[in-house]
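Descriptive structure summary
Below, each chain spelled out in residue letters.
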Amino acid sequence: MGRDGVLLLNLGGPEKLEDVRPFLFNLFSDPEIIRLPSPILQKPLAWLISTLRASKSQEGYKQIGGGSPLRQITEDQARALEGKLRERGRDAKIYIGMRYWYPFTEEALDQIKRDGVDNLAILPLYPQFSISTSGSSFRLIERLMEKDQTLQKIDHRVVQSWYDRPGYLRAMADLIATELDRCEDPNSAHIFFSAHGVPVSYVTEAGDPYQQEIEDCVARIIRTLNRPNQHTLAYQSRVGPIEWLQPYTDDAIKELAAQGVKTLVVVPISFVSEHIETLEEIDMEYREVAEEAGIHNFHRVPALNVHPGFIEDLANLAIETLDGKGMTLAQTLHPPDKAKIYPQERWEWGLTTAAEVWNGRLAMLGFLALALELISGRGPLHLAGLL
Ligand SMILES: C=CC1=C(C)c2cc3[nH]c(cc4nc(cc5[nH]c(cc1n2)c(C)c5CCC(=O)O)C(CCC(=O)O)=C4C)c(C)c3C=C
Ligand SMILES: [Fe+2]
């Protein structure tokens, strides 16, 4: 008798302030996050950027209580999903595979093997697909499967993105409607969708469908909501000096204030759990930007977390996928008609990005830093157990 499993994929987040630097190191070691001409440069550069960014990032995590709530919320979602599946008579075990922190995807796959799972649904907790999020996790799983015959024998299906599911759209619309109704004049509130950004080159050069999926998602939520409010979509959380998707959230807030908007209802759109970018960036930084610009009624729609309608929809999606709907990892990662999403000659535009971002010189500094670390035998690479 076979065993069903559902692997939930997510980003992961540092649980304590000491975790921040190794977490950032893992994130910037990912070639789907920073693209470089040669893989040899990846870890030195990741070491350098994580070291330079750690204190700024730690400040943010301090503001939200000293760590990311992502693991706790994802575990709550997993428990709720397992319960919902059991109600439907499906005895599937739920696994959590984080990309950059515990519990790592590698650990989840080890457990899946130990439990003898032979039918697996791979379900990213990102509604929209991006090379930098779901794509990165898919690539990692593909690499791990290539090395492991037991994993290769597991029958699996992947969900690429699911932002267009009616249950998800309804749950988002309900949360927005509840927040609108808290405003003094609900109809005059401006609905402000804030999506996590990606560098423009991901979309224009690598064919990332992320922007198109975000735009489609916003249009569908607005249709489902069916209210007369004006709305805007903008992108937050850019990192480094290159161009990211625009308009940027802070600029768009100022622009709306200049147009006389007095009430904003901000909707985080690319993530289903509370995390640093909702709790710190939106609730603190963008609230301040809005207030300084003259918008004093600043509301934020909560993330879905364990919203019953959302969990119900996730359960339906898991069942459909376990029953064979969707594609395998290989079909998802190597579609014949969409070869550009995962270009073979990745170094070509990686070179441009690396040159733009780091001007070549930081890579050299990275090498120096690595050499120093190797000589002294200490440092974040060593501490994270990655060397
Ligand atoms: C759909 C969501 C996300 C996309 C797309 C994404 C792309 C992306 N992110 C970075 C750099 C960082 N991301 C960081 C944290 C972070 N990112 C997401 C989601 C997406 N990222 C989440 C949910 C989180 C927070 C996790 C948590 O701890 O709660 C960070 C660390 C925090 C910080 O220092 O700001 C960085 C750095 C890049 C470069 C990128 C696309 C190329
Ligand atoms: Fe991010």
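Residues numbered from 1 in each chain as written. Chains lettered and ligands numbered in written order. Predicted model: local features only at pLDDT ≥ 70, side-chain atom pairs only at ≥ 80, totals over all residues. Heavy atoms only, no water.

Named according to an unreviewed UniProt entry, the protein chain is Ferrochelatase originating from Limnothrix redekei LRLZ20PSL1. The Function (unreviewed entry) comment attached to the protein chain in UniProt states, word for word, "Catalyzes the ferrous insertion into protoporphyrin IX." Note on the protein chain: under the UniProt heading Pathway (unreviewed entry), the record states "Porphyrin-containing compound metabolism; protoheme biosynthesis; protoheme from protoporphyrin-IX: step 1/1." (UniProt positions renumbered as here; feature names shortened; annotations may be inferred.)

1. Considering the pattern of salt bridges
Scanning the model with the defined rule gives 26 salt bridges in all. Between glutamate 59 and lysine 62 there is a salt bridge; the shortest N-O distance is 3.2 Å. On the criterion of helical spacing, the pair formed by glutamate 59 and lysine 62 is a turn pair, its members being three residues apart in helix 2 (residues 42-63). The class for glutamate 59 is partly exposed, based on a relative accessible area of 40%. By relative accessible area, which is 47% here, lysine 62 ends up partly exposed. Residue lysine 113 is joined to aspartate 148 by a salt bridge in which the shortest nitrogen-to-oxygen separation is 2.5 Å. With lysine 113 in helix 4 (residues 105-114) and aspartate 148 in the loop between helix 5 (134-146) and helix 6 (149-153), this residue pair connects regions lying 35 residues apart in the sequence. On the accessibility criterion, lysine 113 (28% relative accessible area) is partly exposed. Because the salt bridges share partners, they merge into one network encompassing Lys84, Glu87, Arg88 and Glu312. (Salt bridge = Lys/Arg side-chain N within 4 Å of Asp/Glu carboxyl O. Helix = DSSP H or I, 4+ residues; strand = E, 2+ residues; numbered from the N terminus. Buried < 20%, exposed > 50% of the residue type's maximum accessible area, 1.4 Å probe, protein only.)

2. Overview of the sheet that holds strand 6 (residues 231-236)
A sheet is described by the order of its strands in space; here four strands give the open sequence 6-5-7-8, paired in parallel fashion. The open sheet has two edge strands with one neighbour each: strand 6 and strand 8 (297-300). Each neighbouring strand pair of the sheet contributes to a mean axis angle of 25°, computed without reference to strand direction. Bridging between strand 5 (residues 190-196) and strand 7 (residues 263-268) involves five bridges; their strand directions are parallel. Paired with phenylalanine 192 across the strands is valine 266, a residue of strand 7. Lying on the sheet, helix 7 (residues 166-180) is in contact with strand 5, strand 7 and strand 8; it crosses strand 7 at an angle near 155°. (Pairing = 2+ DSSP bridges. Axes fitted to C-alpha atoms, helices over the stretch in contact; angles between N-to-C directions. Contact = heavy atoms within 4.5 Å.)

3. Observations concerning helix 12 (residues 308-322)
Compared with an ideal rise of 1.5 Å per residue, which puts 15 residues at 21 Å, helix 12 spans 21 Å between its outermost C-alpha atoms and is within 8% of the ideal. Residues Phe310, Ile311, Asp313, Leu314, Ala315, Leu317, Ala318, Ile319, Thr321 and Leu322 constitute the buried set of helix 12. Against strand 1 (4-10), helix 3 (70-87), strand 3 (119-124), strand 4 (155-158) and helix 7 lie the buried residues of helix 12. Of the residues flanking the end of helix 12, it is glycine 324, one or two places downstream, whose phi is positive at about 110°. (Expected span 1.5 Å × (residues − 1).)

4. Things to note about the UniProt feature "binding site: Fe(2+)" (unreviewed entry) in the protein chain
Look at the UniProt record and you will see "binding site: Fe(2+)" (unreviewed entry) annotated at His196 and Glu277. Maximum C-alpha separation among the annotated residues is 8.4 Å over a sequence range of 82 residues, consistent with a single clustered spot. Along the chain, histidine 196 turns up in strand 5. Histidine 196 has contacts with Tyr210, Tyr235, Gln236, Ser237, Trp244, Ser270 and Glu277, leaving out every residue within four places of it along the chain. Examined against the element boundaries, glutamate 277 turns out to sit in helix 11 (residues 276-293). When near neighbours in sequence (up to four residues on either side) are disregarded, glutamate 277 contacts His196, Gln236, Ser237 and Ile282.

5. Section: the site of ligand 1
In the vicinity of ligand 1 lie 28 residues, with Arg53, Ser57, Tyr61, Ser68 and His196 positioned nearest. Between arginine 53 and ligand 1, the recorded distance is 2.9 Å, taken from a side-chain N or O atom to an oxygen atom. The separation between an oxygen atom of ligand 1 and a polar side-chain atom of serine 57 is 2.7 Å. Bound to the protein, ligand 1 loses 96% of the 800 Å² it would expose on its own. Elements with a minimum of two residues in the shell around ligand 1: helix 1 (20-28), helix 2 and helix 11. Looking at which element gives the most residues to the shell around ligand 1, the answer is helix 1, with four residues. (Near = heavy atom within 4 Å. Polar contact = N/O pair within 3.5 Å; in protein donor to acceptor, adjacent residues only side chain to side chain. Areas by Shrake-Rupley, 256 points an atom, 1.4 Å probe, with all protein chains shown as cover.)

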